[in-house]
Amino acid sequence: NEERSFIAVKPDGVQRGLVGEILRRFETRGFKILALQLVHPSKELLSEHYSDLAGKAFFPSLLAYMQSGPVAAFVIQGKGAVKIGRVMLGATNPQDSAPGTIRADFALDIGKNVCHGSDSVEAAEREIGLWFPQGLKSYTRAVD
Ligand code: CMP
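Asks: So what exactly am I meant to see when it comes to the environment of valine 82 here?
Replies: With respect to the helices and strands, valine 82 occurs in helix 5 (residues 81-89). By relative accessible area, valine 82 is classed as buried at 6%. Along the primary structure valine 82 and phenylalanine 26 are separated by 56 residues, whereas in three dimensions their C-alpha atoms are 12 Å apart. Setting aside anything within four residues of it in sequence, one finds valine 82 in contact with Glu3, Arg4, Ser5, Ser118, Asp119, Ser120, Val121 and Ala124.

Asks: Which parts of the structure should I look at to understand the sheet that holds strand 3 (residues 71-79)?
Replies: Sheet strands pair by backbone hydrogen bonding; their relative direction is either parallel or antiparallel. Taken in spatial order, the 4 strands make up an open sheet running 2-3-1-4, and their pairing is antiparallel. The open sheet terminates on both sides in strands that have one partner only, identified here as strand 2 (32-39) and strand 4 (115-117). Here the strands of the sheet are splayed against their neighbours by 20 degrees on average, with no regard to which way each runs. By the bridge criterion, 7 bridges tie strand 2 to strand 3 in an arrangement that is antiparallel.

Asks: Looking at this structure, how should I read the pairing of strand 1 (residues 2-9)?
Replies: In regular strands, side chains alternate between the two faces of the sheet. Most of strand 1 is tucked away: 6 of the 8 residues are buried. Summarising the sheet, strand 1 and strand 3 pair through 8 bridges and their orientation is antiparallel. Paired with valine 9 across the bridge in strand 3 is alanine 72.

Asks: How do you make sense of helix 7 (residues 121-131) when you look at a structure like this?
Replies: Structural remark: α-helix, 3.6 residues per turn; residues separated by three or four positions point the same way. What helix 7 keeps buried is the set Ala123, Ala124, Glu127, Ile128 and Trp131. Down the axis of helix 7, the sector holding all buried residues measures 130 degrees, keeping them to one side.

Asks: Help me understand unusual backbone geometry, please; the structure alone is not making it clear to me.
Replies: Only a minority of non-glycine residues have a phi that is not negative, and only a minority of peptide bonds are not trans. The backbone phi angle of valine 114 is positive, close to 70 degrees, even though this residue is not glycine. Mapping valine 114 onto the fold places it in the loop between helix 6 (102-106) and strand 4.

Asks: Quick question: what am I supposed to make of the side chain of threonine 101 here?
Replies: The residue threonine 101 is located in the loop between helix 5 and helix 6 in this model. For threonine 101, a relative accessible area of 8% puts it in the buried group. Of note is the side chain of threonine 101, whose polar atom sits 2.7 Å from the backbone oxygen of alanine 98. When near neighbours in sequence (up to four residues on either side) are disregarded, threonine 101 contacts Arg25, Val87, Met88, Leu89 and Gly90.

Rules and cut-offs
Residues numbered from 1 in each chain as written. Predicted model: local features only at pLDDT ≥ 70, side-chain atom pairs only at ≥ 80, totals over all residues. Heavy atoms only, no water. Helix = DSSP H or I, 4+ residues; strand = E, 2+ residues; numbered from the N terminus. Buried < 20%, exposed > 50% of the residue type's maximum accessible area, 1.4 Å probe, protein only. Contact = heavy atoms within 4.5 Å. Pairing = 2+ DSSP bridges. Axes fitted to C-alpha atoms, helices over the stretch in contact; angles between N-to-C directions. Arc of directions from axis to C-beta. Polar contact = N/O pair within 3.5 Å; in protein donor to acceptor, adjacent residues only side chain to side chain.

Take a look at the structure:
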């Protein structure tokens, strides 16, 4: 079950300087970081990413929050990346997240829950395609 998952540190996490800590947790657990970039997501990208939430009352504030600063978007690869990724993030509502998970350790508010992780293998492939539309290889490129 070698898998890939899409993980994002949301704007509050980036602003609070949590990118390194969150990356470190995935790296030390044993996942490979396949791609990594800072993104200012458009409304269009976020509407696609959160298309299943379009009818929710919190949808406009969710989009505004996700556009309040850069998002650190990355792809992890390893055994059980999707399921383990979700376990490492903790429950969506930080009030319910188990101690030791990222959300329990760094968040209190469901509206500012620091990070996102794909919830299925299908969602992961869809989200990787949305956030890294040129294909993962092109995000590791020679710079001279
Ligand atoms: P995420 O894992 O990115 O997936 C959907 C997001 O919607 C979730 O994390 C939260 O940030 C947000 N969300 C879910 N429920 C609520 C809610 N009741 N109020 C505000 N935001 C929510």
